[in-house]
Amino acid sequence: MIFPLGLRAPQEAQRVCDAGKTLTDEQRDTVFFWADATTTQTGFDAPGGTPGPAGHWLYNACSIELQHGIDPLRGCRIRASLAVAMHDAFTACWHFKFRHNLIRPETYINQHIDPDWRPMLMTPSFPEYPSGHSVVSHSAAQLLGAAIGNRPFTDETLTHLGIPGTRFASAPQAAENASASRLFGGLHFPIGITSGARLGQEIGALVARRLNVK
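Residues numbered from 1 in each chain as written. Predicted model: local features only at pLDDT ≥ 70, side-chain atom pairs only at ≥ 80, totals over all residues. Heavy atoms only, no water.

1. Some points on the nonpolar core
In this structure, Trp34, Trp57, Leu82, Leu143, Leu144 and Ile203 are the most contacted members of the largest nonpolar core, which totals 33 residues. Those elements that place two or more of their residues in this core are α2 (25-35), α3 (52-67), α4 (72-100), α6 (132-148), α7 (171-184) and α8 (190-211). Ranked by residue count, the leading element in this core is α6, at 8 residues. Those residues in contact with tryptophan 34, other than ones at most four positions away along the chain, are His56, Trp57, Asn60, His133, Asp155, Phe168, Ala174, Asn177, Ala178, Ser181 and Arg182. In terms of nonpolar packing, the next biggest core, distinct from the first, is built from 14 residues, Ala9, Leu102, Leu183 and Ile191 among them. (Core = buried A, V, L, I, M, F, W, Y, C linked by side-chain atoms within 4.5 Å. Buried < 20%, exposed > 50% of the residue type's maximum accessible area, 1.4 Å probe, protein only. Helix = DSSP H or I, 4+ residues; strand = E, 2+ residues; numbered from the N terminus. Contact = heavy atoms within 4.5 Å.)

Spelled out as structure tokens, the structure:
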């Protein structure tokens, strides 16, 4: 089903196809970083990663708290609120995934553009729209920004695997980077990424207001 794409399907798919064929080393590193050491088409499968975007962002919350000297009790409340925001983000995201049931870029590109094209990441066996990483990452960034402001931090989630930390100016910048990784990895159309980001921002802001995280 192509409902969210409509007449834009060829252009959206071509952007994913072109991106996958022209990846820079920096873009490949971004894909690995936000894949959290899961399997890729190139066989990278390091143990000890995090449980997807939720684990990654809970680790980030801890890093921000430690790097900025936030009181541990306040940090616990922030992380509990963050978990609520991400829970709601996953629930909403998967509701829309199966409501729209959009095929993945790999399927569309193989059928209509290039039968030999493969994404850098292995395509999951559930619908494309919207991007889960985008919804969850932007909900987390919105919640953290409301709770403690948009502070710079170093994401050290995968340093135990020998992968250097990445410095971000703010949680929203990190969320944008996570979203971009799904285009570079070949898993999502641009519309799935941008729509997911908007949905995540709305969820994060709503949870922040209702839980009064400031």
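2. Here we look at unusual backbone geometry
Put simply, tyrosine 129 and proline 130 share a cis peptide bond, and its omega is 0°. By the secondary structure assignment, proline 130 is in the loop between α5 (105-112) and α6. Positive phi, normally seen in glycine, also occurs at asparagine 101, with a value near 55°. Checked against the element boundaries, asparagine 101 lands in the loop between α4 and α5. Judged by relative accessible area, asparagine 101 falls into the partly exposed class, the value being 42%.

3. A look at the environment of proline 172
For proline 172, the position within the fold is in helix α7. Along the primary structure proline 172 and glutamine 142 are separated by 30 residues, whereas in three dimensions their C-alpha atoms are 7.0 Å apart.

4. Considerations on the packing of aromatic side chains
Throughout the structure, instances matching the rule amount to 6 aromatic pairs. For the ring pair phenylalanine 33 and tryptophan 34, a centre distance of 5.6 Å and an interplane angle of 85° mean the geometry is edge-to-face. Judged by centre distance (5.9 Å) and plane angle (45°), the ring pair of phenylalanine 90 and tryptophan 94 falls under tilted. Of this pair, phenylalanine 90 and tryptophan 94 are both found in helix α4, 4 residues apart, which corresponds to roughly one turn of the helix. Phenylalanine 90 gets classed as partly exposed once you look at its relative accessible area, which sits at 29%. Aromatic ring contacts, followed pair by pair, group Phe33, Trp34, Trp57, Phe153 and Phe168 into a single cluster. (Phe/Tyr/Trp six-rings, centres within 6.5 Å; stacked < 30°, edge-to-face > 60°.)

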